[in-house]
Amino acid sequence: MKLLHEALMKIPDIGYRKAKLLYEELGLETVADCLTFYPYKYEDRSEVYDISDLSKHKHPVGTEGIIEDTKVVVTKSKKRFVALLKKAGKKVELVWFNRTEWWRKEVQTGHRYYVFGQVRKNKGKLSMTHPEIVRLGPTTVLPKGILPIYSTTKKLLEANIDNTFITKVQRMLSKKIIPFLNETLPQQQLENHALMPRKEALSYIHFSPSKKLLARARYRLKLEELIYLQTHLLQCKKNRKILSKGMTFKEASLLKKYYDHHLSFTLTNDQKKVIREICKDMRSGNQMNRLLQGDVGSGKTIVAFLSGLVPLSSGAQVALVAPTEVLAKQHQEKLKPEAAKLGLSLALLTGSTSSKERKQLLKQLSEGSLHIIVGTHALLQEDVRFTQLGLAIIDEQHRFGVVQRAKLWKKNTTFPCPHILVMTATPIPRTLAKALYGDLDVSCIKEKPAGRKPILTTHYYDRHRLVVFERMREELAKGHQVYIVYPRILSSDGEEENKDLMDGYESISRAFPKVPISILHGKMVPTSKAFEMSRFVKGETKIMVGTTILEVGINVPNATTMVIENAESFGLAQLHQLRGRVGRDEKPSYCLLLTKDTLSTKARQRINAMVRTNDGFEIAQIDLQSRGPGDILGIQQSGLYNMKLADLTKDKHIIEKAHTIAQEIIEADPFLSNPENKALKQALEHLVEKKNWSIVS
Ligand code: ADP
Ligand code: MG
């Protein structure tokens with residue numbers, strides 16, 4: 001479809017100057033860009049509603065009636081003009097501030113008017129403030145249908161590119177281009193799932209006579225975006241299985257040696273099962289791409305370490321990537337002695353590694369004399385090269401994108417892609433996992449190590465703060481350690497009165513004058529972070545006050561109590577992550593949630609859920625219902641999945657459906673070579689090229 005990719009510049013009604021601005025301001029370059037520049041909202045002019053129905057509508061709507069009474073009301077500060085519109089005994093009050101005299105002449109009693117605006121209901125009375133108003137005569141023509149509203153910018157408006165202009169362009173393109181477009185989904189699926197054809201959908205999303213058609217159009221186009229993504233991911237997964245030869249690691253002598261002689265506890269059945277799955281992948285000859293989900297404290301680190309021993313047995317290398325320096329350092333400290341037991345070397349590479357040391361490490365990695373490297377994003381830099389990277393492990397995936405993962409695939413220049421294991425503690429709802437990681441295989445650890453007691457969670461209102469201090473004292477007296485988490489580092493003016501870390505540190509120091517305290521937050525320089533953390537790990541400090549930086553992966557089994565200030569301001573999944581910092585061995589442990597003295601019903605329900613259950617999957621479900629999965633994972637709409645309509649974090653059912661349809665398509669025609677799938681294939685190729693989705697494959 002050549003016209004579709006024609007530059008807007010060449011369209012006479014637009015012209016060079018306006019096209020340039022449209023590109024600069026909105027990124028619209030071609031006719032296709034413009035057609036998929038969808039309205040961000042609509043004005044519902046499809047109907048003139050009865051006054052009695054007005055309050056049902058949350059968006060501005062239109063109605064009509066006769067003006068019965070008008071008056072200018074003067075209050076202390078303001079004058080306003082009020083007119084009463086009536087029909088069939090029902091009335092709505094119309095209000096205008098400013099220019100009251102002008103309105104008084106304009107709006108006259110006894111005449112029929114059409115008004116359009118946002119309706120409010122106050123004490124049973126309906127009103128509209130500053131509505132649009134049209135006096136109705138025998139020949140009046142009202143705007144009709146659902147009218148599109150496009151976003152513009154200040155610069156565009158200055159160049160007369162306003163909503164009217166964009167609407168005009170869209171109308172013209174709709175007429176000239178849309179009739180010639182191809183269908184991208186197979187006929188079979190259109191019929192099976194009763195989907196609106198593409199041409200209609202693209203046309204109705206801009207100009208629809210009714211809400212119902214608009215909804216169907218949006219549904220079809222959202223679904224289409226998601227089908228592209230799902231088809232692409234499924235293809236990647238299939239292609240990888242067929243095409244990508246992975247390194248084959250049959251040998252596992254080091255794993256056996258460590259397992260028989262050095263493992264200090266018994267693995268849970270789930271841990272064993274996952275290790276078996278991973279070994280099988282690495283033996284298979286295909287590249288492994290596996291997601292390991294396991295609740296906090298389920299023991300993912302040891303699974304990662306043991307898995308690493310497989311490639312290491314064959315002389316290949318292993319990289320472990322953590323989301324923060326603190327966590328990377330912790331892994332290094334914990335794993336280095338274990339590696340040494342097997343004669344393996346392990347080093348740490350982060351942003352704060354000195355350049356001299358870094359150079360040396362890179363040399364060792366590329367020569368193959370360094371076996372295991374633990375680090376942060378710093379490991380992803382291009383110059384970090386391996387002789388043979390056998391397995392790359394990413395800890396706490398939700399802070400990591402597909403882009404980073406893809407970078408790891410390219411770490412070996414002369415060898416095939418390394419096997420990849422990503423680990424996450426956030427149980428990702430199945431649908432979202434499919435959408436985001438559709439190309440990954442998934443393993444789960446559901447079981448906790450034996451002997452773990454549930455973390456006892458209690459809620460305290462701020463007024464009972466002293467009880468919390470008392471409970472902290474009891475734990476400290478037993479030689480245990482305590483975390484206290486604050487929602488933020490410093491409060492700024494005008495914010496509501498949440499506790500902050502700096503004040504908290506002071507008041508805790510005062511309340512526990514003899515207790516050594518560590519402090520940890522994201523703005524500290526890496527060396528002081530590492531210092532504070534190591535003092536706490538060694539037990540030199542007894543209380544750790546910090547921000548949510550403590551949320552991810554930190555493991556200090558002697559810490560038995562987690563106090564969370566302003567717990568009501570955190571998400572449930574986050575609270576659960578934080579709580580997971582305690583209960584890391586057999587000692588009874590506690591989570592104390594401090595909140596404001598008064599809580600909304602919703603906040604109280606969420607805190608109650610935390611008190612009631614320790615199950616990460618249940619928490620994720622509850623969180624999902626109240627907030628949608630996006631917030632849980634902290635994923636923004638990532639640039640990679642740059643979708644115009646679909647929202648990965650909200651359109652749960654559509655994702656599910658897209659997955660089903662994509663599966664039907666790929667199963668019937670794995671390489672989309674069927675002529676019927678030609679348009680879909682082209683669309684995908686175009687998207688991959690343009691959005692750079694190619695890095696996924
Ligand atoms: P997470 O899954 O949250 O990353 P970790 O890997 O940090 O959890 O493990 C938490 C703690 O449990 C660590 O101290 C670890 O040594 C210990 N652990 C792991 N597996 C077992 C097991 N099977 N039995 C006893 N303790 C275990
Ligand atoms: Mg962990």
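The structure displayed is predicted, hence computed values, not measured ones.

So, about the packing of aromatic side chains. A full pass over the atoms with the stated rule returns 7 aromatic pairs. Measuring from centroid to centroid gives 5.2 Å for Tyr-258 and Phe-305, while their planes differ by 70°, and the two rings are edge-to-face. With Tyr-258 in helix 9 (residues 253-261) and Phe-305 in helix 11 (residues 300-313), this pair connects stretches of sequence that are 47 residues apart. Neither Tyr-258 nor Phe-305 differs from the other in exposure class; each is buried. Where Tyr-483 meets Phe-536, the ring centres are 5.2 Å apart and the plane angle is 50°; that geometry is what we call tilted. Taken together, the positions of Tyr-483 in strand 19 (residues 481-485) and Phe-536 in helix 18 (residues 526-537) put the pair 53 residues apart, joining distant regions of the chain. Comparing Tyr-483 with Phe-536 shows no difference in burial state: the two are buried. Among the aromatic residues, those joined into a cluster by ring pairs are Phe-81, Trp-96, Trp-102 and Trp-103. Stacked on the ring of Trp-102, the Lys or Arg Arg-99 has its end atom at 4.5 Å from the ring centre.

Burial along strand 20 (residues 517-520) is two-sided: the face carrying Ile-517 and Ile-519 and the face carrying Ser-518 and Leu-520 are both buried. The pairing of strand 20 with strand 21 (residues 543-546) spans 4 bridges and is parallel. Paired with Ile-517 across the bridge in strand 21 is Ile-543. Following the backbone out of strand 20, through helix 18 and into the adjacent parallel strand 21, one traces a crossover that is right-handed.

Here the focus is the site of ligand 1. Around ligand 1, the structure places 18 residues, and the nearest of them are Thr-266, Gly-297, Lys-300, Thr-301 and Arg-452. Here Gln-271 contributes a side-chain N or O atom positioned 2.9 Å from a nitrogen atom of ligand 1. In this structure, an oxygen atom belonging to ligand 1 sits 2.9 Å away from a side-chain N or O atom of Asn-555. Here ligand 1 loses 89% of its free accessible area of 570 Å² to cover by the protein chains. Sort the elements by how many residues they give to the shell around ligand 1 and helix 11 lands first, with 3 residues. Class assignment of the residues belonging to the shell around ligand 1 gives a composition of 5 nonpolar, 8 polar and 5 charged.

The next subject is the packing of helix 9 against helix 11. The N-to-C vectors of helix 9 and helix 11 enclose an angle of 140°; their axes lie 6 Å apart at closest approach. The angle between the axes of helix 9 and helix 11 places the two elements in the oblique class. Where helix 9 abuts helix 11, its residues Ser-253, Leu-254, Leu-255 and Tyr-258 lie against Ile-302, Phe-305, Leu-306, Leu-309, Val-310, Leu-312 and Ser-313. A class-by-class count of the residues in the contact of helix 9 with helix 11 yields 9 nonpolar, 2 polar and no charged.

This part is about the sheet that holds strand 22 (residues 559-564). The strand order across the open sheet formed by 6 strands is 18-23-22-19-21-20, and the pairing between neighbours is parallel. Looking at the sheet topology across the chains shown, the edges are occupied by strand 18 (456-461) and strand 20. For this sheet, the mean angle separating the axes of adjacent strands, direction not counted, is 20°. Here strand 19 pairs with strand 22 via 5 bridges, running parallel. Bridge pairing in strand 22 links Val-485 to Ile-564. Helix 18 contacts strand 19, strand 20, strand 21 and strand 22 of the sheet and is inclined by roughly 140° relative to strand 20. Its contacts with the sheet put helix 20 (residues 601-612) on strand 18 and strand 23 (590-595), and the angle it makes with strand 18 is roughly 150°.

Phi is positive for Ala-88, close to 45°, though the residue is something other than glycine. Within the secondary structure, Ala-88 sits in the loop between strand 4 (79-87) and strand 5 (90-97). Taking relative accessible area as the criterion, Ala-88 reaches 75% and is therefore assigned exposed. One non-glycine residue, Lys-123, lies in positive phi territory at about 50°. Structurally, Lys-123 can be placed in the loop between strand 7 (119-122) and strand 8 (125-129). By relative accessible area, which is 84% here, Lys-123 ends up exposed.

For strand 16 (residues 419-424), a buried count of 6 out of 6 residues is recorded, marking the element as mostly surrounded by other parts of the structure. Across the two faces of strand 16 the burial is the same, with His-419, Leu-421 and Met-423 and Ile-420, Val-422 and Thr-424 all buried. Inspection of the sheet shows strand 11 (residues 289-294) paired to strand 16 by 5 bridges, in the parallel sense. Note on strand 16: the bridge partner recorded for Asn-289 is Ile-420. Looking at chain direction, strand 15 (residues 389-395) and strand 16 are connected through 5 bridges and run parallel. Paired with Ile-394 across the strands is Val-422, a residue of strand 16.

Spatially, the 7 strands line up as an open sheet ordered 13-14-12-15-16-11-17, and their pairing is parallel. Either end of the sheet is taken by a strand with one partner, and the two such strands are strand 13 (346-349) and strand 17 (441-445). The sheet shows a mean angle of 20° between the axes of neighbouring strands, taken without regard to direction. Relative to strand 14 (residues 372-375), strand 13 runs parallel, the two sharing 4 bridges. Across the sheet, residue Leu-348 finds its bridge partner in strand 14, namely Val-374. Where helix 10 (residues 269-283) meets the sheet, its contacts fall on strand 11, strand 15, strand 16 and strand 17, and the angle it forms with strand 17 comes to roughly 155°.

The next thing to look at is helix 17 (residues 501-511). Restricting attention to buried positions, one finds in helix 17 the residues Leu-501, Gly-504 and Ile-508. All buried residues of helix 17 fall inside an arc of 55° around its axis, so they share one side. Where helix 17 is buried, its residues touch helix 16 (465-477), strand 19, strand 20 and strand 21. For helix 17, the side-chain oxygen to backbone nitrogen distance between the N-cap and Met-502 is 3.0 Å, and the N-cap itself is Asp-500.

Turning our eyes to something else, we now look at the environment of Ile-177. As for its placement among the helices and strands, Ile-177 is situated in the loop between helix 5 (163-176) and helix 6 (187-192). Those residues within four positions of Ile-177 in sequence are excluded, and the remaining contacts are Leu-3, Leu-4, Val-31 and Leu-35.

Quick notes on the rules
Residues numbered from 1 in each chain as written. Chains lettered and ligands numbered in written order. Predicted model: local features only at pLDDT ≥ 70, side-chain atom pairs only at ≥ 80, totals over all residues. Heavy atoms only, no water. Phe/Tyr/Trp six-rings, centres within 6.5 Å; stacked < 30°, edge-to-face > 60°. Helix = DSSP H or I, 4+ residues; strand = E, 2+ residues; numbered from the N terminus. Buried < 20%, exposed > 50% of the residue type's maximum accessible area, 1.4 Å probe, protein only. Lys NZ or Arg CZ within 6 Å of the ring centre and 35° of its normal. Pairing = 2+ DSSP bridges. Right-handed = clockwise from strand over helix to strand, strands pointing away. Near = heavy atom within 4 Å. Polar contact = N/O pair within 3.5 Å; in protein donor to acceptor, adjacent residues only side chain to side chain. Areas by Shrake-Rupley, 256 points an atom, 1.4 Å probe, with all protein chains shown as cover. Nonpolar A, V, L, I, M, F, W, Y, C, P; charged D, E, K, R; others polar. Axes fitted to C-alpha atoms, helices over the stretch in contact; angles between N-to-C directions. Parallel < 35°, antiparallel > 145°, perpendicular 65-115°, else oblique. Contact = heavy atoms within 4.5 Å. Arc of directions from axis to C-beta.

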